[in-house]
Amino acid sequence: MQDKAPLLKETPTDHPITEIIENRWSPRVFSDAPVTATDLYSLFEAGRWAASCNNWQPWNIVYGIKGSEAYDRIFDCLDDFNQQWAQDAPALALAVMDTKNPDGKNNFHALYDLGQYVATMAIQAQSMGIAVHQMAGFDHEKAKSEFQFPEQYHFTTAIAIGHYGGDPSKLPDDLEEMEHGKRSRKPQEEFIFNGDYVKRADIQ
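Residues numbered from 1 in each chain as written. Predicted model: local features only at pLDDT ≥ 70, side-chain atom pairs only at ≥ 80, totals over all residues. Heavy atoms only, no water.

This paragraph deals with the overall build of the protein chain. Helix and strand counts for the protein chain stand at 7 helices and 4 strands. Each helix (α) and strand (β) of the protein chain, taken in turn from the N terminus, gives the series α-α-β-α-α-β-α-β-α-β-α. In terms of overall size, the protein chain behaves like a compact globule, its C-alpha atoms giving a radius of gyration of 18 Å where 204 residues would be expected to give roughly 17 Å. Oriented by its inertia axes, the alpha-carbon framework of the protein chain measures out at about 55 × 45 × 30 Å. When burial is assessed residue by residue, the protein chain has 40% of its 204 residues classed as buried. Expressed as a percentage of contacts within the protein chain between residues at least 6 apart in sequence, the contacts between residues at least 24 apart total 74%. (Helix = DSSP H or I, 4+ residues; strand = E, 2+ residues; numbered from the N terminus. Rg over C-alpha atoms; globule rule 2.2 N^0.38 Å. Buried < 20%, exposed > 50% of the residue type's maximum accessible area, 1.4 Å probe, protein only. Contact = heavy atoms within 4.5 Å.)

Shown next as structure tokens:
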């Protein structure tokens, strides 16, 4: 398969935003271009500078490049649905949070902070023409056991990483259709409040 130009999905924004965010999306196919360790460490470095509560930085990443043992071990933790398309991803990763702060108390902000890490990583990836597709569908407990993390750690997200430009026709029909579909989000008026919360059903 030859590399193809990245598929830019229609993003009907209501207000101006930077192109880095406007053009970011989560494909299920990737180009033949490899993702190198150098590429990945730039992504991980970007995440490293994300904000976190008290600068505790509760994030951890397990990664593997296709063809490596680590990649195969991550892949084996994915559910069947994600395995059917992620098998061609040049790199796979798992996002893991430490649920305790340095004093051993519960860190209630750890999940939020890990999300900021991965979001920052994804924006860095977009600037490099690399796509990041996050997945909830994997065996969290199997991953923790497989990679020998202590009990206080929680595996939250699997991540497929690769360059834009793959061939959607390789996918099952339903997934191929999703690759071409228009992006959508809730309108701001459904979740932005300039004051008290109001149920939208109460608004006439």
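Right, let's talk about the pattern of salt bridges for a bit. This model, assessed by the stated rule, comprises 4 salt bridges. As a salt-bridge pair, Glu151 and Lys144 come within 3.7 Å of each other at their nearest N and O atoms. (Salt bridge = Lys/Arg side-chain N within 4 Å of Asp/Glu carboxyl O.)

The buried fraction of strand S4 (residues 153–163) amounts to 10 of the 11 residues, a majority that puts the element mostly inside the structure. Here strand S3 (residues 130–135) runs beside S4; their pairing, made up of 6 bridges, is antiparallel. Note that in S4 the partner of Ala131 across the bridge is Gly162. (Pairing = 2+ DSSP bridges.)

Attention now moves to the environment of Ala93. Within the secondary structure, Ala93 is located in strand S2 (residues 91–98). Note: C-alpha distance between Ala93 and Ile65 (28 residues apart in sequence) is 8.8 Å. Sequence-distant contacts of Ala93, that is, excluding residues within four places in its chain, are made with Ile61, Val62, Tyr63, Ile74, Thr157, Ala158, Ile159 and Ile161.

As for its position among the elements, Thr157 is in strand S4. Polar contacts involving the side chain of Thr157 include one to the side chain of Thr156, which spans 3.2 Å. In contact with Thr157, other than residues within four places in its own chain, are Ala93, Leu94, Ala95, Gln134, Met135 and Phe138. (Polar contact = N/O pair within 3.5 Å; in protein donor to acceptor, adjacent residues only side chain to side chain.)

Moving on, we come to the packing of aromatic side chains. All told, the structure shown has 8 aromatic pairs when counted by the stated rule. Relative to Phe155, the ring of Phe149 has its centre 5.1 Å away and its plane inclined at 85 degrees; by these criteria the two rings are edge-to-face. Through a chain of ring-to-ring contacts, the aromatic side chains of Tyr41, Phe44 and Tyr63 assemble into a single cluster. (Phe/Tyr/Trp six-rings, centres within 6.5 Å; stacked < 30°, edge-to-face > 60°.)

In this section: the sheet that holds S2. In space, the 4 strands of this open sheet follow the order S1-S2-S4-S3, with antiparallel pairing throughout. Strand pairing shows two members of the sheet lacking a second neighbour, strand S1 (59–65) and S3, which therefore form its edges. For this sheet, the mean inter-axis angle between neighbouring strands, taken without regard to orientation, is 25 degrees. In the packing of helix H2 (residues 37–48) onto the sheet, contacts are made with S1, S2, S3 and S4, and the angle to S1 comes to roughly 170 degrees. On top of the sheet, helix H5 (residues 110–127) reaches S1, S2, S3 and S4; it is set at about 150 degrees to S2, its chief contact. (Axes fitted to C-alpha atoms, helices over the stretch in contact; angles between N-to-C directions.)

Our next topic: the confidence of the model for the protein chain. Here the protein chain averages 92 in pLDDT, and 94% of its residues register 70 or above. Low confidence marks residues 1–5, where pLDDT is under 50. Its contacts with residues over four positions away, or in another chain, come to 16 contacts. (pLDDT = per-residue confidence, 0-100.)

A few words now on a nonpolar patch on the surface. A surface patch of nonpolar side chains, about 230 Å² in accessible area, is lined by Ile17, Ile21 and Ile123. On the secondary structure map, Ile17 appears in the segment before helix H1 (19–22). (Patch = residues over 30% accessible without salt bridge, like charges linked within 9 Å, V, L, I, M, F, W, Y side chains within 5 Å. Areas by Shrake-Rupley, 256 points an atom, 1.4 Å probe, with all protein chains shown as cover.)

Here we come to the environment of Ala37. By the element assignment, Ala37 lies in helix H2. Distance in space between the C-alpha atoms of Ala37 and Val96 is 19 Å, their sequence separation being 59 residues.

Moving on, we get to H2. In this model H2 runs 16 Å from its N-terminal to its C-terminal C-alpha over 12 residues, within 8% of the 16 Å that 1.5 Å per residue would give. Of all the positions in H2, only Asp39, Leu40, Leu43, Phe44, Ala46 and Gly47 are classed as buried. When H2 is viewed along its axis, its buried side chains cluster within an angular range of 155 degrees and face the same direction. The elements touched by buried residues of H2 are S1, S2, H5, S3 and S4. (Expected span 1.5 Å × (residues − 1). Arc of directions from axis to C-beta.)

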